[in-house]
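# Structural characterization, general
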There are 2 protein chains.
Amino acid sequence: MSEPKVTIADVAREAGVSKGLVSFALNDRPGVSAESRVRILEIAERLGWTPSLRARSLSTRRSFALGLVIARDPEVLGSDPFFPSFIAGVETVLAPQGLALVLSVVPDEKTEMRTYRSLVSDGRVDGVFLSDLRHNDPRIPLLQELGLPAVTIGRPDTESPFPCISVDDTPGVAETVRYLVSLGHRRIAHVAGSPALLHGSRRRAAFDTALREAGLPAGQSIETDFSVAAGADAARRLLTQDSPPTAIVFANDPMAIAGLGVAHELGLRVPDDVSITGFDDIDFTRYVYPALTTVRTAPSDWGRAAGRTLLDLMALGTAPDVDLPAGRLVIRGSAGTPLRP
Amino acid sequence: MSEPKVTIADVAREAGVSKGLVSFALNDRPGVSAESRVRILEIAERLGWTPSLRARSLSTRRSFALGLVIARDPEVLGSDPFFPSFIAGVETVLAPQGLALVLSVVPDEKTEMRTYRSLVSDGRVDGVFLSDLRHNDPRIPLLQELGLPAVTIGRPDTESPFPCISVDDTPGVAETVRYLVSLGHRRIAHVAGSPALLHGSRRRAAFDTALREAGLPAGQSIETDFSVAAGADAARRLLTQDSPPTAIVFANDPMAIAGLGVAHELGLRVPDDVSITGFDDIDFTRYVYPALTTVRTAPSDWGRAAGRTLLDLMALGTAPDVDLPAGRLVIRGSAGTPLRP
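A brief structural summary.

### Description of the relation of the copies chain A and chain B
- Expressed as a screw transformation, the operator carrying chain A onto chain B has a rotation angle of 180 degrees and an axial translation of 0.0 Å, and the superposed copies differ by an RMSD of 0.1 Å. Such a turn and shift between the copies fits a two-fold axis. Of every C-alpha in chain A, the one belonging to Val102 of chain A sits nearest the axis of rotation, 2.2 Å from it.
- When the interface residues of chain A are mapped onto chain B, 100% of them again lie at the interface, so the same face is used by both copies.

So this is what it looks like as structure tokens:
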């Protein structure tokens, strides 16, 4: 099964530097300029050099693993493809470097804080990805106190010493609302995600702003926990009112798909009686009927960017923030001109 | 943030044995009977004892981590809730023991084999979960050669030294076919998963057998890669024929949901014109319209059983196979009496 292995000597030859310098760069030792280090790491990656972990562990105190702690209900986790796609993106960066991903799924925030502490005290990981950012997120000062390098997935609302990978959700939500208004919708409702999560409250704020900018009065808005079940409940509440909205903007696709189901169950035609839009463009959206108008985001791109940034941070001590392109509206059949505006 | 920590002394008091014996049991040292060891581990778990990893690492050569290597296309991974739910189940067992889960998502089988080798040579994991079993699975002899304890998720079709956690898919598929036949269906088709995966070919075989037992001729069957896109393609092929089936049994829920969408898109009524069934009972099935008739399985129970079995195997050197209860048919609106049998 074994193949000819790329050695440090191969990398040194390609880079035109000494083996010692390559070793120093790969082992994160002082005496190598940031530019040389980056160049050597790139050449090593291109040649397919894989580290001998035991050899590296002898001279460093690193674990060569990165951590991801997810505090979500298993049920919500199961119906939201964000994490599998994000993790697949992270792995495309980690695997070629011989780095492992240590994953913890925890039931609540208290366990989450304890998990970060033991990841550090056990020397399990050299850095972590911080996702599902919350308001005044207590994990940021904790990780700072623990001295653990981190990359935040999304922009925190407080001071943070860590690089962040962010995508602005506002343009996608605004584009959705403008599109619905252009089709003639005036009664547009929002099914928001959890207000405790930054991306939940940001999508909600973007919705409110977009309605205001269109000269419309504030729309109805229902808060949920982002789950499919909560999306279905919210859709039922909205659509069984005396004067139901003609369009519903859902804060994620799983809830929007549940909303489609509820509309059909109530005997409403989509989009004639009610238009429905989502957020994320998960795989299912193209295959439900009518196919879902939604905002395309790219969780695996997030994973890749987060992986690269965390590696740079650990190798160089610093890494810049990354702004990924904002999601764009993908127009499909679930939104159209209202029959009775 | 720290809480009063349960110590080995607490466990010893509760178990009525010496601290030394508890330490021996928890550190997997000889001189403790299997029965005592299991009892001490159970008491330690119940009291919420968490190991000090550094202390244990001094006296053992273990990494206190378990591995899961997934070789799947990121897109398929993103739309199949099996792994997030399975992992959530595994974590409920690992987390209280202070064990980590090391996750690798790899693009192909060659990388997969290499990944197992480096997990061992790097001393990353003490055991692994082997999922997505294939025919004559080459990973079984590899793990045997590497001396890595493993638990197989599903029953292998070859000799295996490892305990397996299995669920028989046959009764669920048979129950589905019998139910459709009782409703009056005679032209029943199957959209199968990948024949390279054991659970794909087993569900297919169960379908063929069930038709035969109902006295019906062999039904149409289309092989897929289990993805939503392939499920939609298969449904379109089946439903645009001159004499389309009146019912389609899909080998997983994501494909069945795509099948519902295709039927609607073609202007067919579900279940009047075509009945559709799935397999797994993922969260979405209750919220599409009509809600999906499917077979309920419990990936998080698999995860829990697999976690417990792998821990027992590592602690005691042996662990029995576990047969989980077979999935049962969940009857909802997507299957009914055919209007034109």
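### Comments concerning helix α6 (residues 82-94) of chain A
Residue and element names in this part refer to chain A.
- Compared with an ideal rise of 1.5 Å per residue, which puts 13 residues at 18 Å, α6 spans 18 Å between its outermost C-alpha atoms and is within 8% of the ideal.
- For α6, the buried fraction is high: 12 of the 13 residues fall into the buried class.
- Among all positions in α6, only Phe82, Phe83, Pro84, Ser85, Phe86, Ile87, Ala88, Gly89, Val90, Glu91, Val93 and Leu94 are buried.

### A closer look at the pairing of strand β1 (residues 65-71) of chain B
All names here are of chain B.
- Judged by how many residues are buried, β1 sits mostly within the fold: six of seven residues are covered.
- With seven bridges joining them, β1 and strand β2 (residues 100-106) adopt parallel strand pairing. Looking across to β2, one finds that Leu68 is bridged to Leu103.
- One ladder, built from three bridges, connects β1 with strand β3 (residues 127-130); its direction is parallel. Bridge assignment links Leu66 to a residue of β3, and that residue is Gly127.

### Section: unusual backbone geometry
Residue and element names in this part refer to chain A.
- The omega torsion of the bond from Tyr289 to Pro290 falls at -10 degrees, within 30 degrees of zero and hence cis.
- Residue placement: Pro290 occurs in the loop between β9 (275-277) and β10 (294-296).
- Non-glycine residue Asp281 carries a positive phi angle of around 60 degrees.
- The residue Asp281 is located in the loop between β9 and β10 in this model.
- We classify Asp281 as buried; its relative accessible area is 10%.

How each quantity is defined
- Residues numbered from 1 in each chain as written.
- Chains lettered and ligands numbered in written order.
- Predicted model: local features only at pLDDT ≥ 70, side-chain atom pairs only at ≥ 80, totals over all residues.
- Heavy atoms only, no water.
- Least-squares fit on C-alpha atoms with pLDDT ≥ 70 in both.
- Contact = heavy atoms within 4.5 Å.
- Helix = DSSP H or I, 4+ residues; strand = E, 2+ residues; numbered from the N terminus.
- Expected span 1.5 Å × (residues − 1).
- Buried < 20%, exposed > 50% of the residue type's maximum accessible area, 1.4 Å probe, protein only.
- Pairing = 2+ DSSP bridges.

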